[in-house]
Amino acid sequence: MIIKWLGHSAFQITTDEFLRILIDPFISNNPVAPVKVEELRTEIILVTHGHKDHFGDTMELADRTGAVIVANHEHSVYLSQQGFECIGMNIGGSIKFQDIKITMVTSNHSSDMDFIEEIGAGGSSSGYIIELENGRKIYHSGDTGIFGDMKTVIRNIYQPDIALLPIGDRFTMGPMEASIAAQWINPQIVIPMHYNTFPIIEQNPLEYAERVERLNPDIQVVVLEPGEEYEE
Ligand code: NI
Ligand code: MN
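Residues numbered from 1 in each chain as written. Chains lettered and ligands numbered in written order. Predicted model: local features only at pLDDT ≥ 70, side-chain atom pairs only at ≥ 80, totals over all residues. Heavy atoms only, no water.

Asks: Even after reading the chapter, I still don't get the environment of Gly 56, so can you show me in this structure?
Replies: For Gly 56, the position within the fold is in the loop between helix H1 (52-55) and helix H2 (58-65). In this structure Gly 56 comes out as partly exposed when scored by relative accessible area, which is 27%. When the C-alpha atoms of Gly 56 and Ala 181 are compared, they prove to be 26 Å apart, with 125 residues separating the residues in sequence. Excluding anything up to four places from it in sequence, Gly 56 contacts Pro 25, Phe 26 and His 51. (Helix = DSSP H or I, 4+ residues; strand = E, 2+ residues; numbered from the N terminus. Buried < 20%, exposed > 50% of the residue type's maximum accessible area, 1.4 Å probe, protein only. Contact = heavy atoms within 4.5 Å.)

Asks: Where do I start with the layout of surface pockets in this structure?
Replies: Gaps left between atoms show up when a probe the size of a water molecule is rolled over them. What the largest pocket holds in volume is close to 150 Å³. Grouping the amino acids of the lining of the largest pocket by side-chain chemistry returns five nonpolar, four polar and two charged. (1 Å grid on protein atoms, 1.4 Å probe; cavity = no way out; pocket = protein on both sides within 12 Å on 5 of 7 lines; lining within 4 Å. Points joined across faces, edges and corners; volume = space filled by probe spheres on them. Nonpolar A, V, L, I, M, F, W, Y, C, P; charged D, E, K, R; others polar.)

Asks: Just checking my understanding: could you explain helix H6 (residues 205-215) for this structure?
Replies: Every α-helical turn comprises 3.6 residues, leaving residues that sit three or four positions apart pointing alike. Regarding H6, the residues found buried are Pro 205, Tyr 208, Ala 209 and Val 212. For H6, the buried positions fall inside an angular range of 100 degrees around the axis, keeping them on one side. Among the exposed residues of H6, those pointing more than 90 degrees away from its buried face are Leu 206 and Arg 214. By the N-cap criterion, in which a side-chain oxygen at the helix start approaches the backbone nitrogen of a residue two or three places on, H6 is capped by Asn 204, the distance to Leu 206 being 2.8 Å. (Arc of directions from axis to C-beta. Polar contact = N/O pair within 3.5 Å; in protein donor to acceptor, adjacent residues only side chain to side chain.)

Asks: Help me understand the coordination of the manganese ion (ligand 2), please; the structure alone is not making it clear to me.
Replies: Reference values for angles at a metal are 109.5 degrees in the four-donor tetrahedral case and 90 or 180 degrees in the six-donor octahedral case. Bound to the manganese ion (ligand 2) are the protein donor atoms Asp 53 (OD), His 54 (NE2), Asp 143 (OD) and His 194 (NE2), situated 2.2 to 2.3 Å from the metal. Of the residues examined, Asp 53 reaches a relative accessible area of 19% and is grouped as buried. Its relative accessible area of 1% is what places His 194 among the buried residues. (Donors = N, O, S within 2.8 Å, 3.2 Å for Na, K, Ca; no water.)

Asks: Whenever I open this one, the coordination of the nickel ion (ligand 1) confuses me. Can you help?
Replies: Protein coordination at the nickel ion (ligand 1): the donors are His 49 (NE2), His 51 (ND1), His 109 (NE2) and Asp 143 (OD), at 2.2 to 2.3 Å from the metal. For the nickel ion (ligand 1), the four donor atoms are set out with angles of 87 to 177 degrees between them, so the coordination reads as irregular. Motif for the nickel ion (ligand 1), donor spacing along one chain: H-x1-H-x57-H-x33-D. The metal-metal distance between the nickel ion (ligand 1) and the manganese ion (ligand 2) comes to 3.4 Å, with Asp 143 coordinating both. Here His 49 falls in the buried class, since its relative accessible area comes to 1%. (Tetrahedral: all angles 85-135°; square planar, octahedral: opposite > 155°, others 65-115°.)

Asks: Teacher, can you tell me more about the sheet that holds strand E6 (residues 86-89) here?
Replies: Two strands in a sheet stick together by hydrogen bonds in their backbones, pointing the same way (parallel) or opposite ways (antiparallel). Judged by pairing direction, the sheet is mixed, and its seven strands sit side by side in the order E6-E5-E4-E3-E2-E1-E16 without closing on themselves. Looking at the sheet topology across the chains shown, the edges are occupied by E6 and strand E16 (229-231). Neighbour to neighbour, the strand axes of the sheet diverge by 20 degrees on average, direction disregarded. In this structure, strand E1 (residues 2-5) lies alongside strand E2 (residues 11-14), joined through four bridges in antiparallel fashion. Bridging across to E2, Ile 3 finds its partner in Ile 13. Docked against the sheet, H2 engages strand E3 (20-23), strand E4 (44-46) and strand E5 (68-72), running at close to 170 degrees with respect to E4. Its contacts with the sheet place helix H3 (residues 73-81) against E5 and E6, and it is angled at close to 135 degrees to E5. (Pairing = 2+ DSSP bridges. Axes fitted to C-alpha atoms, helices over the stretch in contact; angles between N-to-C directions.)

Below you can see the structure in the form of structure tokens.
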């Protein structure tokens, strides 16, 4: 499996069975994106919420690649009306797509559809647990503040192996909160996201890694540059 960071909260996961999953594909307006939208191929796109820096190029990508869009109910109603193939879901529910399982989980954030001119209500923001064919579980938290369910629902029920967590502060957790979140979730690996895209969310990911290590040396923080991959 390969997890490629496309900057901000955008990731491409390629599974051992060569299924390509894009999460929050904010590419064309993303100053640190390492690829062009036209270069991306995907079978499925997961959207955590309707803010532009997450919804990003979802419609253009789905249009060109024929990918299915997974999003919350409100987004899927809107996108279906626009002719897109969607799988609408809601917090706590799971779907199967080929041999992977996707569960939508809570995030502590806001959500409207600010990617359309007449900003629409966008339902709840969310995170996802993605269980791959080999049983490995990846948690993409979306934008979120720290919340207690990370150490109960996320940790006890879903037990993710890899957690993708925001550390940028201001709009999400900062490094202090995200280090405690890592401890609560207790994955093997944490990959920080949602930082250094813009000056207002500037952070030093190595300082974050040190914080996590101080709390729990068994958790490995993998710091990627946009375009870099974590492979296992
Ligand atoms: Ni947001
Ligand atoms: Mn955001």
